[in-house]
Amino acid sequence: MSEVREATVEDISGLVRLRAQMFAELRDDFGEAPFGDGWRDACAAALKERLAADDTRIVVVGDGATGPIASGMGVIDQRLPSPYNRTGRVGYIFGVITDPAHRHRGHARAIMKDLIAWFDARGVDRVDLHATESGIPLYRSLGFTEHPEPTYTRKHPGLAPPPA
């Protein structure tokens, strides 16, 4: 059984390692990383800051001795209330990744259930995430559906390839 725990400062290097693993696996979707490995120190600093934030939950599976073997993060964004979201609070789940040697053991499911319970306890009416093909079955089994709004992204012009 996967024991999910809240991440600590001691987990930061393992969290950065897992995040690097995730982006290595997504390289085919995103292309070559424009910042190389220079992002790792900034990520570690941001994780340290986010660990203390009330609107963020970072959880891991794995003990302090071996470091995290799986992780997931949730953050609450305050938007304006609407007819579809009475509080305007929107949760976002990201960084759900399991070390390849420890996959298919229920770690991601346990992390997702923990994050969903955290959002529910805070009255968050809507939780979004972006899914890889391999994650879709898990997310659907937990009640996530495709959102009707298309998603668009703007990259800084210095990072994006020129328009065709």
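Preceding block: the structure.
## Considering the packing of aromatic side chains
Within the structure shown, the criterion is met by 4 aromatic pairs. Look at F23 and W39: their rings are 6.4 Å apart centre to centre, the planes differ by 70°, and that puts the pair in the edge-to-face class. Of this pair, F23 sits in helix α1 (residues 12-25) while W39 sits in helix α3 (residues 39-51), and the two are 16 residues apart along the sequence. Taken together, a centroid distance of 6.3 Å and an interplanar angle of 70° make the contact between Y139 and F144 edge-to-face. In terms of burial, Y139 and F144 fall into one category: buried.

## Digging into the sheet that holds strand β4 (residues 89-98)
The mixed open sheet is built from 5 strands, whose spatial order is β1-β2-β3-β4-β5. Across the chains shown, the open sheet's two edge strands, defined by having one partner strand only, are β1 (4-6) and β5 (126-129). On average, each strand axis in the sheet is inclined to that of its neighbour by 25°, with strand direction left out of account. Taken together, the 3 bridges between β1 and strand β2 (residues 56-61) define a ladder with antiparallel strand orientation. What sits directly across from R5, in β2, is V60. Sheet contacts for α1: β2, β3 (70-78) and β4; angle to β4, the most-contacted strand, approximately 85°. Here helix α4 (residues 107-121) sits on the sheet in contact with β1, β2, β3, β4 and β5, set at roughly 25° to β3.

Rules of the game
- Residues numbered from 1 in each chain as written.
- Predicted model: local features only at pLDDT ≥ 70, side-chain atom pairs only at ≥ 80, totals over all residues.
- Heavy atoms only, no water.
- Phe/Tyr/Trp six-rings, centres within 6.5 Å; stacked < 30°, edge-to-face > 60°.
- Helix = DSSP H or I, 4+ residues; strand = E, 2+ residues; numbered from the N terminus.
- Buried < 20%, exposed > 50% of the residue type's maximum accessible area, 1.4 Å probe, protein only.
- Pairing = 2+ DSSP bridges.
- Axes fitted to C-alpha atoms, helices over the stretch in contact; angles between N-to-C directions.
- Contact = heavy atoms within 4.5 Å.

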